Amino acid sequence: MTDPRPLVAAHWGTYRAEMKDGHAVALQPFEGDPDPSKIGSAMLETLNDPCRIGQPMVRKGFLEGGQRDRRGNDSFVAVSWDKALDLVARELEETRRKHGNEAIFAGSYGWASAGRFHHAQSQLRRFMNLFGGFTAARDTYSYAAGQVILPHVVGRMDKLLLEHSSWQGIAERKSLVVAFGGIALRNGQVNSGGVAHHTQKRDMHHAVDAGAQIVNVNPSAADLAGEVAAEWMPIRPNTDLALMLALAHTLVSEHLHDQRFLDRYCTGFERFIPYLTGDADGQPKDAVWAEAITGVPRADITALARRMAGRPTTISASWSLTRQQNGEQIYWMAVVLAAMLGGIGRKGEGFALGISATNSVGSQRGTMPLASLPTGRNPVRSFIPVARIADMLLNPGGKFQYDGQSLTYPEIRLVYWVGGNPFHHHQDLNRLRQAWQQVDTVIVHEPHWTPLARHADIVLPATLSAERNDLTGSPRDTHLMATEAVSKPFGQARNDHDIFAALAGRLNSADGSVTNFRHAFTEGRDEAAWLRFLYDKTRKKSNDGPEMPDYET
């Protein structure tokens, strides 16, 4: 019998809602999940939290004429939805008319919702593209340096994450996993599209039980302590590249590298060797050299290199390793080291980019082409690397380097942020707070009084995932879920889509070709119609996949 309890989902899992008198009173793990996250049960506590925003709010100093230096230290005034939307429409229209769409920075970070439709970043981009475009951010805080370097070395990172070494292959080959940056199993609780089937812990245990070995190269032993049997190789923070080079030097000096693989499948090894051996600069990158930098004893370095050459080996580099100066070199060298071992392309060997960094990375699954909200094309060409928000706001007209290009920071006059919180994930929050004072207007959609909301001028209250109907699933998970609202919206909170639809009704498109902006944004569909559209589109795309029931079923 089908379980009648509605499903609720977020990035850390899927849950059944226990209902009483039309309200959710408890969340129980989805029955198909072998290792559910305990975090999800706290979702209900956030629905009526004292920090929820119940109606549109405008900063007092903004209403009095600006006073942007008071952002973060100002009080707020409650206004009606009509008043708030009129203010937002006015600010958008004036910014576009006076400064152009390049002066609008539309910020969002994709973890705001696990849904296919109520995905904050997609909603924002769809709206802004129809409005004439915006300055965007590229790449991800998780592994931006890897996204830029890897296409020049081996391939696109999003594709590599789907195809590199898996725990199943590691188990089958009884491989050695050398985990630079460690393996934080807690990260396996989440997926950007939600999780129905947590498997990372089970897959890792199965691999170790089958005979695989893990070397945790990490300043901290805590990642795997008490989880699985693993060897800890302590290392000074940010010195992993030196260790990788010393391992490569041992392979070459002891003729343990796979020259046939390098000759057949690689380009440029002959240019790397003089640097590695010291012929280019007088400094061999050997174990003695690396010991002084990394704190890893030279005997341990040479012993590890010999082990790696003597059995199937996966080189894993955590996403966190790219978040440092010259972080791109870590991933580049991880690929070089794997190529020297000759195992790239063989099951249980090669390299892994943050195995277990999320629930899907390291799983051996196919991919399902799930439909997402169409966002259109951004007519504005200006962009920044994702972590350069403060640099952009503080240095309009300044130069920056990106992927071999010399580019210019645009002058941003309006920030519109929906989904995510830069005051949570940015690097230097004091500097970001200073930069935030430079723009004319800050508009946000927020469910709670986060630091982002407190540093805004206009705050539009948004719903949470438990207050919305949606389709939830990751292309690499086992289920596509029809999730349901198990609570009414808090106060006057609205879905992001409804906010943008109402706002579009007050604006025109950039070139006047779309006379009815609202209809262009909604295409005449409400939430229910969009969910049907996205499901039917997914169903059509899944011809080679599992048979999917019709939408009503």
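Our structure's up above, just so we're on the same page.
Residues numbered from 1 in each chain as written. Predicted model: local features only at pLDDT ≥ 70, side-chain atom pairs only at ≥ 80, totals over all residues. Heavy atoms only, no water.

## Notes on unusual backbone geometry
- The phi dihedral of histidine 255 falls on the positive side, at around 55°, and the residue is not glycine.
- In this fold, histidine 255 is placed in the loop between α8 (240–253) and α9 (259–265).
- Given a relative accessible area of 67%, histidine 255 falls into the exposed group.
- Even without a glycine there, the phi angle at aspartate 403 is positive, about 50°. (Helix = DSSP H or I, 4+ residues; strand = E, 2+ residues; numbered from the N terminus. Buried < 20%, exposed > 50% of the residue type's maximum accessible area, 1.4 Å probe, protein only.)

## Re the sheet that holds strand β1 (residues 7–10)
- Read across the sheet, 3 strands follow the order β1-β2-β3 without closing on themselves; strand pairing throughout is antiparallel. Of all strands in the sheet, those bounded by a partner on one side alone are β1 and β3 (23–29). Shown here is a sheet whose adjacent strand axes are inclined to one another by a mean of 40°, direction ignored.
- Pairing of β1 with strand β2 (residues 13–20), which is carried by 4 bridges, proceeds in the antiparallel orientation. Bridging from a neighbouring strand, leucine 7 pairs with arginine 16 of β2. (Pairing = 2+ DSSP bridges. Axes fitted to C-alpha atoms, helices over the stretch in contact; angles between N-to-C directions.)

## Focus: the packing of helix α11 (residues 287–294) against helix α12 (residues 298–310)
- Packing of α11 against α12 brings their axes to within 8 Å, and their N-to-C directions diverge by 120°. One element, α11, and the other, α12, form an angle in the oblique class. The hand of the α11/α12 crossing is right-handed. On α12, the residues that touch Ala287, Val288, Ala290 and Glu291 of α11 are Arg298, Ile301 and Thr302.
- Here the contact of α11 with α12 is built from residues that sort into 4 nonpolar, 1 polar and 2 charged. (Parallel < 35°, antiparallel > 145°, perpendicular 65-115°, else oblique. Left-handed = near helix turned anticlockwise from the far one by under 90°. Contact = heavy atoms within 4.5 Å. Nonpolar A, V, L, I, M, F, W, Y, C, P; charged D, E, K, R; others polar.)

## Let's talk about the environment of serine 360
- By secondary structure assignment, the location of serine 360 is in the loop between β12 (350–353) and β13 (383–385).
- On the basis of relative accessibility, which here comes to 11%, the residue serine 360 falls in the buried class.
- Residues serine 360 and glutamine 434 lie 74 residues apart in sequence; the distance between their C-alpha atoms is 38 Å.
- When near neighbours in sequence (up to four residues on either side) are disregarded, serine 360 contacts Asn191, Gln200 and Arg476.

## Details of the pattern of salt bridges
- Here the structure, examined in full by the defined rule, presents 35 salt bridges.
- The salt bridge involving glutamate 349 is made with arginine 346; its shortest N-O contact spans 3.0 Å.
- Exposure remark for arginine 346: the relative accessible area of 43% places this residue in the partly exposed category.
- Three or more residues joined by partner-sharing salt bridges are found here, namely Arg59, Lys60, Glu64, Arg70, Arg71, Asp74 and Asp457. (Salt bridge = Lys/Arg side-chain N within 4 Å of Asp/Glu carboxyl O.)

## Overview of the side chain of serine 316
- Tracing the backbone shows serine 316 in strand β11 (residues 313–317).
- In this structure, serine 316 is in contact with Val177, Val178, Ala179, Phe180, Ala352, Gly354 and Ile355, ignoring residues within four places of it in sequence.

## Some points on the packing of α8 against helix α10 (residues 269–277)
- Packing of α8 against α10 leaves a shortest axis separation of 10 Å and a crossing angle of 105°. In terms of axis orientation, α8 runs roughly perpendicular to α10. Together, Leu245, Ala248, His249 and Val252 of α8 and Phe269, Phe272, Ile273, Tyr275, Leu276 and Thr277 of α10 make up the contact between the two elements.
- Here the residues of the contact of α8 with α10 are counted per class, giving 8 nonpolar, 2 polar and no charged.

## Details of the environment of alanine 10
- Take alanine 10: it is sitting in strand β1.
- A C-alpha to C-alpha distance of 8.0 Å links alanine 10 and glycine 115, two positions 105 residues apart in sequence.
- Residues contacting alanine 10, with those up to four places away along its chain left out, are Met43, Ala114, Gly194 and Val195.

## Thoughts on the sheet that holds β12
- Strand order in the open sheet made by the 5 strands is β10-β9-β8-β11-β12, with parallel pairing throughout. Here the strands that pair on one side only, and so sit at the sheet edges, are β10 (231–233) and β12. The sheet shows a mean angle of 20° between the axes of neighbouring strands, taken without regard to direction.
- Note that strand β9 (residues 213–217) and β10 share 3 bridges and pair parallel. Paired with valine 215 across the bridge in β10 is glutamate 231.
- Helix-sheet contacts for α8 involve β8 (176–180), β9 and β10, and the interaxial angle to β8 is about 145°.
- Relative to β11, helix α13 (residues 328–341) is tilted by about 175°, and along the sheet it contacts β11 and β12.

## Observations concerning the packing of aromatic side chains
- One pass over the full model with this rule turns up 20 aromatic pairs.
- Centroid distance phenylalanine 131 to phenylalanine 517: 6.4 Å. Interplanar angle 10°. Geometry classified as stacked. Remark: phenylalanine 517 occurs in helix α19 (residues 517–522) and phenylalanine 131 occurs in helix α3 (residues 120–131); sequence separation between them is 386 residues. The same class applies to phenylalanine 131 as to phenylalanine 517, namely buried.
- Grouping aromatic residues by their ring pairs yields a cluster made of Phe127, Phe131, Tyr416, Phe500, Phe517 and Phe521.
- When the ring centre of phenylalanine 521 is taken as origin, the NZ or CZ atom of arginine 126, which lies over that ring, is 5.8 Å away.
- Over the aromatic face of tryptophan 530 sits the side chain of arginine 525, whose NZ or CZ is 4.6 Å from the ring centroid. (Phe/Tyr/Trp six-rings, centres within 6.5 Å; stacked < 30°, edge-to-face > 60°. Lys NZ or Arg CZ within 6 Å of the ring centre and 35° of its normal.)

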